Amino acid sequence: MLAAGAAAAWFLSKQWLRSVATLEEAARGLSTSELGKRRLFVPSDDEELAALAASFNHLLDRLEAAHTGQQRFTADASHELRTPLTVLRGEIEVALRKPRSAEEYRAVLVSNKEEIERLSRLTENMLALAQVDVGDAIAQRESLRVDDLCQSVAAKLHPLAVSQSIDLAVEDASQEPPVIAGDRIAIERVLHNLIENAIRYSPSGEHVLVRTSRSGNEVRIEVIDHGSGIAPEHVPHLFERFYRVDKARSRAHGGSGLGLSIVQALVEAHQGSVSVDSTVGRGSTFTVRLPAA
Ligand code: ADP
């Protein structure tokens, strides 16, 4: 019996090891370029190995999604960086073609400066996203009153609102103080991006309202505009990196389509959420929900 038992154990373990070796060989044979195409064979006769292969395939799915996202980000970022660089090069080449007056050189330099500012903003935004991705966006958590933060961000954006004849108002509808535990710079950035968009995408003469409120364990910030609104087919993509509804209009004010993705990443890093409710021609409301402190 002992001999028979040993032989059976030897046979079974050999078979199991062979299956493991097949899986291991298949996993090792997967190159980066095959990440999206090949998956490991899931054996039907061995439950444990099937579970192992299935979870490995699940990991491959996630790796593939991350890899594709990375590739798309690099392609979009290169394209965004190339556009201002091409404009800069073209302007400088035309300016150098023949001697010009001081006035003409000045005009070229002014336009060059605009493109350089666009490049700086873009790299700054990319850096902000990279910081969130590596988990560095929240340097410290302190007790913050969002109604005060909204007031101070609105004060900074007041000149922009005035230049576009927008009436920018902040109101607090909280019964208790709307306090959160967060990173001041990150939350200011969230508010800045949302309020700036509300101003930029509103026709002159309109109102923009920033309303804060607290109900129970939730602090809510609503940025309400009566601008162009967003068509339903664009809404699901708004928070994607580099997504813009109207490229020309967004580029005209130096936008690169990163603003809302930064908002979402920072809010989620604070265990919150952001959503949008919009009607074309009537305006949009962006709502940020954060856990109250
Ligand atoms: P951008 O830098 O282009 O403004 P965002 O990520 O901030 O990038 O916004 C993405 C797109 O969402 C914008 O290009 C714009 O078309 C649309 N959008 C954002 N906010 C609003 C708003 N308040 N009203 C209408 N459209 C908006």
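**Comments concerning the packing of helix 5 (residues 184–200) against helix 7 (residues 259–269)**
Thought 1: At a minimum axis distance of 9 Å, the contact between helix 5 and helix 7 shows a crossing angle of 145°. The two elements helix 5 and helix 7 cross, and the hand of that crossing is left-handed. Note on element contacts: helix 7 touches helix 5 through Gly-259, Leu-260, Ile-262, Val-263, Leu-266 and Val-267, opposite Ala-186, Arg-189, Val-190, Asn-193, Leu-194 and Asn-197.
Thought 2: Split into classes, the residues belonging to the contact of helix 5 with helix 7 amount to 8 nonpolar, 3 polar and 1 charged.

**Considering the pattern of salt bridges**
For side chains of opposite charge, pairing can occur when their charged atoms come near one another.
Thought 1: Applying the stated criterion to the full structure yields 13 salt bridges.
Thought 2: Two residues, Glu-124 and Arg-189, come together in a salt bridge whose shortest N-O distance is 3.9 Å. Taken as a pair, Glu-124 in helix 3 (residues 102–133) and Arg-189 in helix 5 lie far apart in primary sequence, 65 residues in all.
Thought 3: Exposure remark for Glu-124: the relative accessible area of 47% places this residue in the partly exposed category.
Thought 4: Relative accessible area serves as the criterion here: at 24%, Arg-189 is assigned to the partly exposed category.
Thought 5: The salt bridge partner of Arg-289 is Glu-218, with a shortest N-O separation of 3.6 Å. A residue pair is termed long-range when its members are at least 10 positions apart, and Arg-289 in strand 7 (residues 283–291) and Glu-218 in strand 5 (residues 218–225) qualify at 71 residues.
Thought 6: Overall, Glu-218 belongs to the partly exposed group, its relative accessible area being 27%.
Thought 7: Residues joined in a network through salt bridges with shared partners are Glu-171, Arg-211 and Glu-222.

**Side note on the environment of Glu-171**
Thought 1: Residue placement: Glu-171 occurs in strand 2 (residues 167–172).
Thought 2: Along the backbone, Glu-171 and Ala-186 are 15 residues apart, and their C-alpha atoms lie at a distance of 21 Å.
Thought 3: With residues near it in sequence (within four places) discarded, Glu-171 still touches Leu-209, Val-210, Arg-211 and Thr-212.

**Here we look at the sheet that holds strand 6 (residues 273–279)**
Thought 1: Pairing is mixed across the open sheet formed by 5 strands, whose spatial order is 2-4-5-7-6. Sheet topology places strand 2 and strand 6 at the edges, where each strand pairs with a single neighbour. Each strand of the sheet is rotated relative to its neighbour by a mean of 15°, with strand direction disregarded.
Thought 2: As judged from the 8 bridges shared by strand 4 (residues 207–215) and strand 5, these two strands associate in the antiparallel manner. By the bridge assignment for strand 5, Ser-213 is matched with Arg-220.
Thought 3: Contacts from helix 4 (residues 146–163) reach strand 2, strand 4 and strand 5, with the element oriented near 175° to strand 2.

**What to know about the domain arrangement of the protein**
Thought 1: Parsing the protein into structural domains produces domain 1 (1–136) and domain 2 (142–291).
Thought 2: In this structure, domain 1 and domain 2 have C-alpha centres spaced 30 Å apart.
Thought 3: Contact residues are listed per partner, giving 18 residues for domain 1 and 14 residues for domain 2.
Thought 4: In this assembly, domain 1 packs against domain 2 so that about 1400 Å² is buried in total across both faces, 57% of it on carbon and sulfur atoms.
Thought 5: Broken down residue by residue, the surface that domain 1 buries against domain 2 is led by Glu-80, Arg-118 and Leu-129, which jointly contribute 35%.

**Points about the nonpolar core**
Thought 1: Ranked by internal contacts, the top residues of the largest apolar core, which has 49 residues, are Leu-168 and Ile-195.
Thought 2: Each of two domains, domain 1 (1–136) and domain 2 (142–291), supplies a minimum of three residues to this core.
Thought 3: In this view, Ile-195 contacts Val-153, Leu-157, Leu-168, Val-210 and Val-223; residues no more than four positions away in its chain are not counted.

**Examining the site of the ligand**
Thought 1: If you check the shell around the ligand, you find 21 residues, and the closest are Asn-197, Tyr-201, Asp-225, Ser-250 and Leu-260.
Thought 2: Measuring from an oxygen atom of the ligand, one finds a side-chain N or O atom of Tyr-201 at 3.0 Å.
Thought 3: A distance of 3.3 Å separates an oxygen atom of the ligand from a polar backbone atom of Gly-259.
Thought 4: Protein coverage of the free-state accessible area of the ligand, which is 530 Å², stands at 95%.
Thought 5: For the shell around the ligand, the elements supplying multiple residues, two or more each, are helix 5, helix 7 and strand 7.
Thought 6: Residues of the shell around the ligand, tallied by class, amount to 9 nonpolar, 10 polar and 2 charged.

Conventions we followed
Residues numbered from 1 in each chain as written. Predicted model: local features only at pLDDT ≥ 70, side-chain atom pairs only at ≥ 80, totals over all residues. Heavy atoms only, no water. Axes fitted to C-alpha atoms, helices over the stretch in contact; angles between N-to-C directions. Helix = DSSP H or I, 4+ residues; strand = E, 2+ residues; numbered from the N terminus. Left-handed = near helix turned anticlockwise from the far one by under 90°. Contact = heavy atoms within 4.5 Å. Nonpolar A, V, L, I, M, F, W, Y, C, P; charged D, E, K, R; others polar. Salt bridge = Lys/Arg side-chain N within 4 Å of Asp/Glu carboxyl O. Buried < 20%, exposed > 50% of the residue type's maximum accessible area, 1.4 Å probe, protein only. Pairing = 2+ DSSP bridges. Domains from an automatic or database assignment. Buried area = accessible area lost by both parts, 1.4 Å probe. Core = buried A, V, L, I, M, F, W, Y, C linked by side-chain atoms within 4.5 Å. Near = heavy atom within 4 Å. Polar contact = N/O pair within 3.5 Å; in protein donor to acceptor, adjacent residues only side chain to side chain. Areas by Shrake-Rupley, 256 points an atom, 1.4 Å probe, with all protein chains shown as cover.

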